[in-house]
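A look at the structure
What follows is the residue order along each chain.
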Amino acid sequence: MVRIRRAGLGDLPGVAQVLVDTWRATYRGVVPEAFLEELSYEGQADRWARGLRDPTWPGRLFVAEAGEVVGFAAFGPDRASGFPGYTAELWAIYVLPTWQRKGLGRALFHEGARLLQAEGYGRMLVWVLKENSQGRGFYEHLGGVLLGEREIELGGAKLWEVAYGFDLGEQKW
Ligand code: ACO
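Rules used in this analysis
Residues numbered from 1 in each chain as written. Predicted model: local features only at pLDDT ≥ 70, side-chain atom pairs only at ≥ 80, totals over all residues. Heavy atoms only, no water. Helix = DSSP H or I, 4+ residues; strand = E, 2+ residues; numbered from the N terminus. Rg over C-alpha atoms; globule rule 2.2 N^0.38 Å. Buried < 20%, exposed > 50% of the residue type's maximum accessible area, 1.4 Å probe, protein only. Near = heavy atom within 4 Å. Polar contact = N/O pair within 3.5 Å; in protein donor to acceptor, adjacent residues only side chain to side chain. Areas by Shrake-Rupley, 256 points an atom, 1.4 Å probe, with all protein chains shown as cover. Pairing = 2+ DSSP bridges. Axes fitted to C-alpha atoms, helices over the stretch in contact; angles between N-to-C directions. Salt bridge = Lys/Arg side-chain N within 4 Å of Asp/Glu carboxyl O.

The chain is annotated in an unreviewed UniProt entry as N-acetyltransferase domain-containing protein of Thermus arciformis.

**Details of the overall build of the chain**
Within the chain one finds five helices and seven strands. Across the chain, helices and strands are ordered from the amino to the carboxyl terminus as β-α-α-α-β-β-β-α-β-α-β-β. The C-alpha radius of gyration computed for the chain amounts to 15 Å, which stays within 12% of the reference 16 Å derived for 173 residues, consistent with globular compactness. Dimensions along the principal axes, computed over C-alpha positions, put the chain at roughly 35 × 35 × 35 Å. Looking at the 173 residues of the chain, the share that counts as buried comes to 46%.

**Focus: the site of the ligand**
The local shell around the ligand holds 26 residues, among which Gly103, Gly105, Arg106, Asn132 and His141 are the closest. For the ligand, an oxygen atom lies 2.7 Å from a polar atom in the side chain of Asn132. Between the ligand and His141 there is a distance of 2.7 Å, counted from an oxygen atom to a side-chain nitrogen or oxygen. For the ligand, whose free accessible area comes to 980 Å², the fraction covered by protein is 82%. Every element with two or more residues in the shell around the ligand is listed here: α1 (12–27), β4 (86–95), α4 (104–118), β5 (123–129) and α5 (133–141).

**Focus: the environment of Gly165**
Among the structural elements, Gly165 can be located in strand β7 (residues 157–167). On a C-alpha basis, the gap between Gly165 and Thr56 in space is 26 Å, while along the polypeptide they are 109 residues apart.

**Some remarks on the sheet that holds β5**
An order of β1-β2-β3-β4-β5-β7-β6 is seen for the seven strands of this open sheet, with the pairing classed as mixed. Two strands bound the open sheet, and with one partner strand each, they are β1 (3–6) and β6 (145–154). Taken pair by pair, the neighbouring strands of this sheet meet at an average axis angle of 25 degrees, ignoring direction. Taken together, the seven bridges between strand β3 (residues 68–77) and β4 define a ladder with antiparallel strand orientation. Note on β4: the bridge partner recorded for Ala74 is Ala92.

**Overview of the pattern of salt bridges**
Going through the model one piece at a time under the given rule, you end up with 10 salt bridges. The closest approach of N and O atoms between Glu37 and Arg28, which form a salt bridge, is 2.8 Å. For Arg28, a relative accessible area of 43% gives the class partly exposed. In this structure, the salt-bridge partner of Lys130 is Glu149, at a minimum N-O distance of 3.0 Å. Of the two residues, Lys130 is situated in the loop between β5 and α5 and Glu149 in strand β6; the sequence distance between them amounts to 19 residues. Judged by relative accessible area, Lys130 falls into the partly exposed class, the value being 36%. Residue classification places Glu149 among the partly exposed positions, given a relative accessible area of 43%.

Below, the structure written as C-alpha cells:
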C-alpha cells in the first residue's frame, strides 16, 4: 500500500534520499558528474527542512510513502517564468527508479494540482531538462502544453529546459 500525503519533518531524510538517488539515476550523462557527486542526503534534507520550518515558505511538499518515502513532489508559486497566467509551479517531482511507472507520479501530481486549484490557482507550469525524455513523456501524457524554453547553468554546464503548462481546471490527470 502506498500513501500520498503532505510531508512532515520526519520525512525529510527519505525525501533527500529519493532526490539524490533519482537525480543520479536520471541525469547521469546529462548533468556534470561532479555536480551529481556533490549532492548529499544531509544537504538536501537540510534544504527542505529550512523550508518546512519557515512559516512564510510558500511550498507544498507531498510524499509517496510505502513504509518509507519512495517519491515526493513540491509545488508552489511560479518562480518568475514570465508566462502570463501561470501563477503556480510544480517545483520538483521524483519517484525512485524501482517505483516508477506504477502510478505514483500521477497520484503526486494529482494531489498537488488539486490543492493549488482549491487555493485559487488557475494554471501551473513545470520546467524540465530538454534532454529528460522520461520527464517530458510524463508531462506530455498528462496533457501538458509546451510553453517555451530557456537556458540554465548547472554545475558549470549550460543546459536547456522546456516548460509545460497545465490548466488546473481541466483536471486531465
Ligand atoms: N512517457 C510516456 N508516458 C509516461 C511516461 C513517459 N516517459 N512516464 C509516465 N508515463 C505515463 C504512464 O504510462 C501513466 O499513464 P496512465 O496513467 O495513463 O497509464 C502516467 O504517465 C502516469 O505515470 P506514473 O506511473 O504515475 O509515473 P511515475 O510514477 O513513473 O512518475 C516521474 C513520473 C515523476 C517522471 C518519474 O518517472 C520520475 O521520477 N522520473 C525521473 C525523474 C524525473 O524526470 N522527474 C521530473 C523532473 S522535472 C521536475 O522535477 C520539475
